[in-house]
Amino acid sequence: MGATAAPPETPGRRPPRIHRAWFVAAVTFVTIIGAAAFRSLPSLLIDPLHDDFGWSRGTIGLAVSINLALYGLTAPFAAALMDRFGIRRVVAAALTVIALGSGLTVWMNHAWQLLLYWGLLVGLGSGSMALAFAATVTNRWFTERRGLVTGILTAASASGQLIFLPLLAWIVETYRWRPAAVTVALAALVVVPFVWLLLRDHPADVGLKPYGAKEFVAKPPPVPGAARRTMAVLFKAARTGPFWLLAGSFAICGASTNGLIQTHFVPAAHDHGMPVRAAAALLAVIGVFDIVGTVASGWLTDRFDARRLLAVYYALRGVSLLFLPILLAPNVHPPMIFFIVFYGLDWVATVPPTLALCREQYGDDSAIVFGWVLASHQVGAAVVAFLGGVVRDTFGSYDVIWYASGALCAAAALMALVIRRRDPAGPPAVTA
């Protein structure tokens with residue numbers, strides 16, 4: 001940040017009763033929740049924008065797909081940006097860009113404006129606050145309880161979806177889509193002062209050790225070469241087979257979650273006569289159960305072969321998608337509730353075993369490799385977000401995309417099973 005760091009803790013200095021790291025984690029949690037508002041809105045906009053402007057669902061889906069793709073492609077560089085310019089500056093700028101992109105949609109009249117505002121601006125802003133934000137805060141501020149903090153911050157996105165989806169659905173149904181877009185913009189802007197005033201880049205900035213650390217840790221200098229290393233690791237990993245199997249299966253994961261269910265479930269349910277608020281509430285329930293599923297998957301990953309876990313997750317997800325077309329109805333019935341609970345448990349259960357396989361295959365470079373695998377997740381989501389709208393325009397229903405995604409999940413299960421195991425005594429598949 002350019003300022004001189006505060007002096008380190010001394011024996012005569014009384015330590016705070018509650019370590020500053022927990023306040024930083026709390027601000028990070030609130031920030032991610034506030035940013036989750038824009039993640040909740042796209043599925044609620046498809047029908048209103050189609051009705052108001054006559055834009056095809058494929059065009060609207062294209063804007064969502066640009067957003068998702070940029071979210072993923074920006075993510076590998078987010079940590080480099082934070083190392084270079086500081087967490088506080090990057091996150092405050094990202095929230096401002098999100099607010100700008102969402103707010104400008106209120107005055108749009110042409111489809112290219114939706115692509116620019118919602119696709120480009122919100123996509124870049126959200127990508128700058130992707131998984132790297134929580135990971136960077138955890139790595140810098142915590143030595144102990146890293147797993148707990150990572151789980152809590154990862155759950156913040158699901159919590160934000162739970163909070164905002166029903167609210168935004170009510171706003172869209174009652175006041176149409178423009179007030180909902182303004183709500184998203186305000187939610188992002190409200191968090192900016194908290195980030196600027198309360199968030200600090202490193203414990204050394206306030207003269208503290210990381211939580212649980214035995215020794216004071218000096219703040220590292222800016223790392224201008226981090227982006228080059230990010231690209232170098234990608235080029236080396238791309239020459240190995242496991243990278244493409246992990247990236248391909250995780251792309252299908254994104255296609256069958258963010259791209260398909262998160263984007264198209266609400267309009268698909270509405271096609272069958274279900275009220276928008278009821279469909280949005282079901283989507284919010286998925287956010288509740290994905291917290292449970294992620295924690296359970298992490299526990300299982302510590303005890304079982306990650307490849308077999310992924311194969312089971314993808315296979316069960318594929319089977320559930322094949323049944324979804326016959327479950328959609330005007331009313332919420334028990335089989336649909338079962339689907340929602342099951343899909344929620346499986347939603348991000350793929351993350352712990354995928355990360356474990358990256359760690360097994362790529363050693364010290366695993367975090368960067370996982371960043372690129374995560375990018376493939378979002379690219380897969382982007383493709384299906386667009387194709388889902390095209391399928392609805394062409395066939396008048398979403399049935400084809402449900403069945404195709406179920407088949408893709410079966411392919412992902414096979415891809416997971418054929419990832420070769422690496423000898424723990426051997427070198428990692430790639431070294432930077």
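Higher on the page you've got the structure.
To keep things clear, this report deals only with the structure shown in the data block. From a predicted model like this one, the values you see are computed outputs, not experimental measurements.

1. Describing the overall build of the protein
Secondary structure assignment for the protein yields 16 helices and 0 strands. Counting every position in the protein, which comprises 432 residues, the buried fraction comes to 54%. Residue pairs at least 24 apart in sequence account for 83% of intrachain contacts in the protein once pairs closer than 6 positions are excluded. When the accessible surface of the protein is summed, it comes to about 18,200 Å², and 68% of that surface belongs to carbon and sulfur atoms.

2. A closer look at the packing of aromatic side chains
Taken as a whole and judged by the stated rule, the model has 10 aromatic pairs. Ring centres of Y343 and W347 lie 6.1 Å apart, and the angle between their planes is 70°; on these two criteria the pair is classed as edge-to-face. Side by side, Y343 and W347 carry an identical accessibility label, which is buried. Connected via pairs of aromatic rings, a cluster forms that spans F53, W55 and W177. For R88, the ring lying beneath its charged end belongs to W196, and the centroid distance is 4.5 Å.

3. Quick notes on the packing of helix 4 (residues 87–104) against helix 5 (residues 111–127)
Helix-helix packing is characterised by the crossing angle of the two axes and by the distance between the axes. The geometry of helix 4 relative to helix 5 is characterised by a closest axis approach of 7 Å and an angle of 165° between their N-to-C directions. Judged by the inter-axis angle, helix 4 sits roughly antiparallel to helix 5. The chirality of how helix 4 crosses helix 5 is left-handed. Of the residues in helix 5, those in contact with A94, V97, I98, L100, G101, S102 and L104 of helix 4 are Y117, W118, L121, V122, G125 and S126.

4. Looking at the pattern of salt bridges
Applying the stated criterion to the full structure yields 6 salt bridges. Between R176 and D52 there is a salt bridge, and its shortest N-O distance comes to 3.0 Å. In this pair, R176 sits in the loop between helix 7 (146–175) and helix 8 (177–198) while D52 sits in helix 2 (residues 42–53), placing the two residues 124 residues apart along the sequence. When its relative accessible area of 38% is taken as the criterion, D52 is described as partly exposed. R277 serves as the salt-bridge partner of E173, at 2.8 Å between the closest nitrogen and oxygen. Of this pair, E173 sits in helix 7 while R277 sits in helix 11 (residues 276–301); the two residues are 104 residues apart in sequence, bridging distant segments of the chain. Relative accessible area serves as the criterion here: at 42%, R277 is assigned to the partly exposed category.

5. What to know about helix 2
Between the first and last C-alpha of helix 2 there are 16 Å, a value that for 12 residues agrees with the 16 Å anticipated at 1.5 Å per step. Among the residues of helix 2, those classed as buried are P42, S43, L44, L45, I46, D47, P48 and L49. Count one or two residues on from helix 2 and you reach G54, which has phi positive near 75°.

6. Quick notes on the nonpolar core
With 118 residues, the main nonpolar core has L44, I261, F265 and W402 as its most contacted residues. At 13 residues, helix 10 (residues 241–271) tops the list of elements feeding residues into this core. Non-local contacts of F265, meaning those with residues more than four positions away in its chain, are made with L260, A279, L282, L283, L324, L328, M336, I340 and W402.

7. Describing empty space enclosed by the protein
Taken as a whole, this structure holds 2 cavities of 30 Å³ or more when the rule is applied. Approximately 40 Å³ is the volume attributed to the second largest cavity. Those elements that place two or more of their residues in the lining of the second largest cavity are helix 2, helix 3 (57–85) and helix 5.

8. Remarks on a nonpolar patch on the surface
A grouping of L73, V379, V383, L387 and V390 is seen on the molecular surface, where their side chains present a nonpolar patch of about 340 Å² in accessible area. Examining the composition of the nonpolar patch, we find that 4 residues originate from one element, helix 15 (residues 366–395), more than from any other. With respect to the helices and strands, L387 occurs in helix 15.

9. Topic: the environment of M108
Secondary-structure assignment places M108 in the loop between helix 4 and helix 5. Looking at M108, the relative accessible area reads 0%, which means it is buried. When neighbours within four sequence positions are excluded, M108 is seen to be in contact with L49, F53, W55, Q113, L114, Y117, W177 and R178.

10. Comments concerning the packing of helix 10 against helix 14 (residues 351–362)
Where helix 10 contacts helix 14, the two axes come as close as 11 Å, and the packing angle between them is 170°. As judged from the angle between their axes, helix 10 and helix 14 are roughly antiparallel. As for the relative orientation of helix 10 and helix 14, their crossing is left-handed in sense. Where helix 10 abuts helix 14, its residues P242, F243, L246 and F250 lie against V351, T354, L357, C358, Q361 and Y362.

11. Quick look at the environment of V233
Among the structural elements, V233 can be located in helix 9 (residues 226–237). By relative accessible area, which is 0% here, V233 ends up buried. For V233 and D365, which are 132 residues apart along the polypeptide, the C-alpha to C-alpha distance reads 7.1 Å.

12. Notes on unusual backbone geometry
Of note in this structure, R176 is not a glycine but carries a positive phi near 75°. With a relative accessible area of 37%, R176 lands in the partly exposed category.

13. Section: the state of the cysteines
A complete count under the given rule lists 0 disulfides for this structure. Free cysteine: C409, not disulfide-bonded; nearest cysteine sulfur from C253 at 8.1 Å.

14. Let's talk about the environment of I419
As for its position among the elements, I419 is in the segment after helix 16 (399–417). Taking the C-alpha atoms as reference, I419 lies 7.2 Å from R307; in sequence the two are 112 residues apart.

Conventions and cut-offs
- Residues numbered from 1 in each chain as written.
- Predicted model: local features only at pLDDT ≥ 70, side-chain atom pairs only at ≥ 80, totals over all residues.
- Heavy atoms only, no water.
- Helix = DSSP H or I, 4+ residues; strand = E, 2+ residues; numbered from the N terminus.
- Buried < 20%, exposed > 50% of the residue type's maximum accessible area, 1.4 Å probe, protein only.
- Contact = heavy atoms within 4.5 Å.
- Areas by Shrake-Rupley, 256 points an atom, 1.4 Å probe, with all protein chains shown as cover.
- Phe/Tyr/Trp six-rings, centres within 6.5 Å; stacked < 30°, edge-to-face > 60°.
- Lys NZ or Arg CZ within 6 Å of the ring centre and 35° of its normal.
- Axes fitted to C-alpha atoms, helices over the stretch in contact; angles between N-to-C directions.
- Parallel < 35°, antiparallel > 145°, perpendicular 65-115°, else oblique.
- Left-handed = near helix turned anticlockwise from the far one by under 90°.
- Salt bridge = Lys/Arg side-chain N within 4 Å of Asp/Glu carboxyl O.
- Expected span 1.5 Å × (residues − 1).
- Core = buried A, V, L, I, M, F, W, Y, C linked by side-chain atoms within 4.5 Å.
- 1 Å grid on protein atoms, 1.4 Å probe; cavity = no way out; pocket = protein on both sides within 12 Å on 5 of 7 lines; lining within 4 Å.
- Points joined across faces, edges and corners; volume = space filled by probe spheres on them.
- Patch = residues over 30% accessible without salt bridge, like charges linked within 9 Å, V, L, I, M, F, W, Y side chains within 5 Å.
- Disulfide = S-S within 2.5 Å.

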